[in-house]
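Observations on chain architecture
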Amino acid sequence: MRTQRAGLSMAGLVLAWLPGWVLGVAWQLQQVALWPWQGYAALLLASGLLMAGLLWRGSRGGHRAAWLLVLAMAAGAWAGAGLTGVRAAHLASQALDPALQGLDIEVTGRIHSMPRRHADGVRFELAVESATRHGRPVSLPPLLQLAWYSRGVTDDGSARGPDWRAGEHWRLTVRLSAPHGNANPHGFDRERWLWENGIGATGYVRNGPRDAIPQRLAGQGWYPLEAMRQTVGERIAGRVDDPRSAGVLAALVVGDQSAIERSDWDLFRTTGVAHLMSISGLHVTMFAWLAIWLVGGLWRRLAFVWPQALLAVPVPWAAGLGGVALAAAYALFSGWGVPSQRTVLMLAVVVGLRLLARQWPWPVVWLLVMAAVLLLDPWALLQPGFWLSFVAVAILFATDPGRRIRHESAPFDGHEVPTRTRRIMAAALGMLREQSVVTVALAPLSLLLFGQFSLVGLVANLVAIPWVTLVITPLAMLGVAVPAFWDLAALAVQGLGGWLAWLAQWPSAAVFRPIPPLPLALAGVLGGALLVMRWPWATRLAGLVLLWPVLSWQPARPVAGEFDVMALDVGQGSAVLVRTAGHSLLYDTGPRYSPTSDAGQRVVVPLLRALGERPDAVVVSHRDSDHAGGSAAVQTEWPEARWLSSFDADPARRCIAGQRWTWEGVDFEILHPSPEDFGPDGAGRLPSNAMSCVLRVGHARQSVWLSGDLDADRETRLALARPDLRATLLLAPHHGSLTSSSPALLNTLAPAWVLVQAGYRNRFNHPAPTVLARYRERGMRWVATPDCGAATWRSDVPGTVVCQREAARRYWHHGGEASQPADPVLALVPEDDRGSAPAH
């Protein structure tokens, strides 16, 4: 009896250790700066000593269980924080030397991952073996992300250049920079993604006419799994004529989600089926049970040839272990995402328990698998997929709708239902209830993570889940052996696409709401969980009380008579949001990054949705792609907005000096161009930059000056014509170029703050040192988006600029280096994964 109590006590301590581990990892990921590695090692040592002491004391009995459990949780937290910190310190020690940024370096290494092709080149990871600069060895991070930008296209429209293959050995001349990304509220943290994947620097392969030609040193041999994935992906693209269908099949077979077109991702998110367009837990589970069935059948047949095999390894063991092994291989082949990791580990635990004839409570299995996933990749805790996957599984475990189905699939009205019919009905009811449970429970979490949820998701998934799981995915996998199956799978994808497109046309197919604060969102997630629990309805309806604040929440706006300005971090381009108490205006829409990507779809539209903004007016200063590149996406999303620009053929949509309006006591005035600057056909008579719309926003106390890429000559003319003009905040004209920020304009406006929107280490050297010197000479404080991220200024607090990089700083964000403003508040986060084109 004493042994049993001791064993239970030890098991309880271990179980208390698991949530402590998760909490410790979560705490470490919130650190702004890393400790020395010795500090984390000390945490690990203290955790081990504490846990050993607890196990020894617990085995003796006679101690308060509550205190032992609390201390065990603390030991787990120290272990989680300590191990994650040691790994982080090791990654930080491999960072790129800042002195090597922007220099030509000769690198020898192997292509580490499946290359991904895009409209103007190829991107891949390179595992570094050696590196030299002018013949002298230099130290580089072990893994680089490189891009090859093509100088043309082939006859089939693909980027011209070497045939990059996973596992190949290459000698390349590259230029590198530290990992960097745009930093905007609720934006994608690209630097965290690079850190999590072990990528210590990004850059591009030099391919100018005077650069050394990339040299292939040896064929494939390393990274065979990545080479296989690349081969299969290319076979799919070559076999399937429809590129949209081919992209979906590549995502389902080899996990290449980048192959899916952006418009299709928008469709999948709108209809709530995006989780099916990658290797999800459902796909892996289906594959695992099929593998268990096949291995078990083959193992039984083996008895006729080799009876001793069944005596050595019984059929259940062979089937279980073989099925899990094949499922793990499938998950690895498809990219080893978090849902796949969670499913494989959970399958391994469940199969192991069945083989050992044991049964653990579901929370134990759930926590064990979560801890194991974080042991493999602690930074996965910050991925949306991690929380969607684990919360969905927890909800299904907690509600267990399948148990109710088994009871309700009993005979109806006293008549025995045929076995096949009963099973079909039970499966249909089970799927309907499970999908309903998951849809309701995950809606608040989707709001927190994405600012949207799909109202047609339940209907869409009722068809999409069995269609993708039982039809498209099996056909796609069979196509690896028999390519003709890919043709059938493509037809199935096209049929699904038609169904989803029809659903997406429904009114309010998707609801977009401002992303709520974390505490409010967590209360909403709890409310969603309460609604689907198998508890009395009086208790379940209490969930609505928790859900309503999330659905009705709106971000704070300026009070009447005040306004605020946010300069978005869009790289080498411009996009500025101006808000009053009841209206908002967008000035410029950001740059175009590539033929298929722009700031409008990647930054501006998602950010405005997350903030709950619907712009009443959009002013596009001029036609250059770094200012108007995102116009199509913005206009598609908000077609009702008033549109003004300096290049529109419609006279009613042109910005012309003298236009004025007032919103809640805040004045808006267009100062340039004048009517004489337009020709009879509406075309500008001046160069594009000189045609920039100049907008002044303000009231009696504070004002803001936005002038696009206006050149120094036009700046001087405006300053001389309106010597009474002043501005508290100036958006640096032409990103701080030498051709703007004229002394006449600066002396006239006398701004207290200057915001510079520019790309990180851009090829134009914006902001120019001479221009920065002008700001300093006049005592103007300034911040630049490469160091500040999105910069926010408020008219009621005019002496402060809030930098998103400071608000969101974590230890994986490198420090700023491009600007040295007076009294800055700086920090760092992500940028578009391409940025401005490289200079050769």
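Residues numbered from 1 in each chain as written. Predicted model: local features only at pLDDT ≥ 70, side-chain atom pairs only at ≥ 80, totals over all residues. Heavy atoms only, no water.

Attention now goes to the overall build of the protein chain. If you tally the helices and strands in the protein chain, you get 28 helices and 26 strands. Scaling as 2.2 N^0.38, a compact globule of 840 residues should have a C-alpha radius of gyration of about 28 Å, and the protein chain matches this with 30 Å. Its C-alpha atoms give the protein chain principal-axis dimensions of about 95 × 70 × 60 Å. The buried share of the protein chain, reckoned over its 840 residues, is 51%. Across the protein chain, every contact between residues at least 6 apart in sequence was considered, and the portion connecting residues at least 24 apart equals 71%. With the model as given, the accessible surface of the protein chain reaches about 37400 Å², and the carbon-plus-sulfur share is 62%. With 72 positive and 62 negative side-chain charges, the protein chain shows a separation of 10 Å between the mean positions of the two kinds. (Helix = DSSP H or I, 4+ residues; strand = E, 2+ residues; numbered from the N terminus. Rg over C-alpha atoms; globule rule 2.2 N^0.38 Å. Buried < 20%, exposed > 50% of the residue type's maximum accessible area, 1.4 Å probe, protein only. Contact = heavy atoms within 4.5 Å. Areas by Shrake-Rupley, 256 points an atom, 1.4 Å probe, with all protein chains shown as cover. Lys, Arg positive; Asp, Glu negative; His and termini not counted. Charge placed at Lys NZ, Arg CZ, Asp CG, Glu CD.)

This part covers helix α21 (residues 599-610). Three- or four-residue spacings in an α-helix give side chains the same orientation, since the helix completes a turn every 3.6 residues. Here α21 spans 15 Å end to end across 12 residues, near enough to the 16 Å set by a 1.5 Å rise per residue. For α21, every residue scored as buried is listed here: A599, G600, V603, V604, V605, L607, L608 and A610. On its buried side, α21 packs onto β11 (564-567), β12 (576-579), β13 (584-587), β14 (592-594), β15 (597-598) and α23 (631-637). Two or three places before G600, at the opening of α21, D598 has a side-chain oxygen 2.8 Å from that residue's backbone nitrogen. (Expected span 1.5 Å × (residues − 1). Polar contact = N/O pair within 3.5 Å; in protein donor to acceptor, adjacent residues only side chain to side chain.)

Before going further, it helps to examine unusual backbone geometry. Cis peptide bonds are those with omega within 30 degrees of zero, and the linkage from H672 to P673 qualifies with 5°. Mapped onto the fold, P673 is located in the loop between β19 (666-672) and β20 (694-698). The residue after H766, namely P767, is reached through a cis peptide bond having omega -5°. Relative to the helices and strands, P767 resides in the loop between β23 (753-756) and α26 (769-777). Of note in this structure, S508 is not a glycine but carries a positive phi near 55°.

Once that is clear, we can look at the environment of F390. As for its position among the elements, F390 is in helix α13 (residues 384-399). According to the relative accessible area criterion, F390 is buried, its value standing at 0%. When the C-alpha atoms of F390 and M370 are compared, they prove to be 7.7 Å apart, with 20 residues separating the residues in sequence.

This brings us to the state of the cysteines. In the structure shown here, the tally under the stated rule is 2 disulfides. Residue pairing for C788: its cysteine sulfur links by disulfide to C803, the two sulfurs lying 2.0 Å apart. A torsion of -105° about the S-S bond marks the disulfide between C788 and C803 as left-handed. Here the residue C788 occupies a position in helix α27 (residues 785-788), and C803 occupies one in strand β26 (residues 797-803), the gap between them amounting to 15 residues. Note on accessibility: C788 and C803 belong to one class, buried. Cysteine pairing in the protein chain follows 1-2, 3-4, where each cysteine in a disulfide is numbered by its order in the sequence. (Disulfide = S-S within 2.5 Å.)

The next subject is the nonpolar core. In globular proteins that are soluble, nonpolar side chains generally tend to be buried together. Within the largest apolar cluster, 37 residues are counted, with the highest numbers of intra-cluster contacts made by I236, L249, F268, V273, M277 and I472. Going through the elements one at a time, α5 (224-239), α6 (243-254), α7 (262-271), α16 (457-478) and α17 (484-504) are the ones with two or more residues in this core. Counting 31 residues, the second largest nonpolar core, distinct from the first, contains V697, V704, W753 and C803. (Core = buried A, V, L, I, M, F, W, Y, C linked by side-chain atoms within 4.5 Å.)

What follows deals with the pairing of strand β1 (residues 105-111). When you tally the buried positions in β1, you get 6 out of 7 residues, the bulk of the element. Sheet topology places β1 next to strand β6 (residues 169-177); 6 bridges connect them, and they run antiparallel. Note on β6: the bridge partner recorded for E106 is T173. Where β1 meets strand β3 (residues 121-133), 6 bridges bridge the pair, whose relative direction is antiparallel. Its bridge partner being in β3, R110 is matched across the sheet by A127. (Pairing = 2+ DSSP bridges.)

With respect to the helices and strands, the residue H699 is situated in the loop between β20 and β21 (703-706). Among the residues examined, H699 registers a relative accessible area of 11% and is labelled buried. Engagement of the side chain of H699 in a polar contact is seen with the side chain of E562, the distance being 3.2 Å.

On to the sheet that holds strand β17 (residues 642-645). Reading across from one edge, β17-β16-β13-β12-β11-β25-β26 is the order of the 7 strands in this open sheet, with mixed pairing throughout. This sheet does not close on itself; its edge strands, each paired only once, are β17 and β26. Averaged over all neighbouring strand pairs, the angle between strand axes comes to 15°, with direction disregarded. In the sheet, β11 pairs with strand β25 (residues 791-794) via 4 bridges, with the strands oriented antiparallel. Each bridged residue has a counterpart across the sheet, and for V565 the counterpart in β25 is W793. (Axes fitted to C-alpha atoms, helices over the stretch in contact; angles between N-to-C directions.)

Sheet architecture is open: 7 strands sit in the order β18-β19-β20-β21-β22-β23-β24, paired in mixed fashion. Edge strands, defined here as strands with exactly one partner in the open sheet, are β18 (660-663) and β24 (781-784). When strand polarity is set aside, the average angle formed by the axes of neighbouring strands in this sheet is 15°. Note: β18 against β19, 4 bridges, orientation antiparallel. Bridge pairing in β19 places T662 opposite D667.

The subject of this paragraph is the pattern of salt bridges. What the rule picks out here adds up to 32 salt bridges. E226 is the salt-bridge partner of R229, the closest N and O atoms lying 3.0 Å from each other. With R229 and E226 both in helix α5 and 3 residues apart, this pair spans about one turn of that helix. With a shortest N-O distance of 3.5 Å, R660 and E669 are connected by a salt bridge. Residue E669 is classed as buried on the basis of its relative accessible area of 10%. A cluster of three or more residues bridged by salt bridges with shared partners is formed by D104, R175, R206 and D211. (Salt bridge = Lys/Arg side-chain N within 4 Å of Asp/Glu carboxyl O.)

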